[in-house]
Amino acid sequence: MLGQSQAFSGFSVDDLGEARRFYGEVLGLDVEETGEGEMRMLTLKLGSGAQVFVYPKETHTPASFTILNFPVDDIEAAVAELERRGVTLERYPGFEHDAKGVVRVGNGGPAAIAWFTDPAGNVLSVLQEN
């Protein structure tokens, strides 16, 4: 029924301006802002062609899961660039992180992954493809 639909995902933030700066300037995504006043929203245009809807929510609560995963060819370079741009990697209990905060996984999953948050506290990751 919906197999051919151009589905998209979305998430909330507490400050749309900060989200626009972070996703556009820090992460380098193509970000489009539409609407006015309380109806403002962002569309993140991902390299895959997918689009993600970002909307302000006064009672925003950060997602407790990873909302976006960015596969990269070189996780070391990606982590170094994120740090250069002021992004701090998250360290979660139960995972063995290296000095930079990267977790080496393997076993059918990504070879390595590192998590960070947007200004609204939503979790994102960069991951090394196998």
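So, here is what we can say about the structure in this document. Since the model is a prediction, treat every value here as computed from it, not as a measurement.

Residues that lie three or four places apart on an α-helix share one face, since the helix turns once every 3.6 residues. Looking at helix α1 (residues 16-26), one finds that the buried residues are Leu16, Ala19, Phe22, Tyr23 and Val26. Projected onto a plane normal to the axis of α1, the buried residues spread over an arc of 155 degrees and lie on a single side. Of the residues flanking the start of α1, the one acting as N-cap is Asp15, its side-chain oxygen 3.0 Å from the backbone nitrogen of Gly17. The positive-phi residue at the C-terminal boundary of α1 is Gly28, with phi of around 75 degrees.

What follows is about the pattern of salt bridges. Applying the stated criterion to the full structure yields nine salt bridges. Of the charged contacts in the structure, one is a salt bridge between Arg20 and Glu33, with a shortest N-O distance of 3.3 Å. A residue pair is termed long-range when its members are at least 10 positions apart, and Arg20 in helix α1 and Glu33 in strand β2 (residues 30-34) qualify at 13 residues. What makes Arg20 partly exposed here is its relative accessible area of 34%. Since its relative accessible area comes to 30%, Glu33 is described here as partly exposed. Overlapping salt bridges bring together Arg20, Glu33 and Arg40 as one network.

Conventions we followed
Residues numbered from 1 in each chain as written. Predicted model: local features only at pLDDT ≥ 70, side-chain atom pairs only at ≥ 80, totals over all residues. Heavy atoms only, no water. Buried < 20%, exposed > 50% of the residue type's maximum accessible area, 1.4 Å probe, protein only. Helix = DSSP H or I, 4+ residues; strand = E, 2+ residues; numbered from the N terminus. Arc of directions from axis to C-beta. Polar contact = N/O pair within 3.5 Å; in protein donor to acceptor, adjacent residues only side chain to side chain. Salt bridge = Lys/Arg side-chain N within 4 Å of Asp/Glu carboxyl O.

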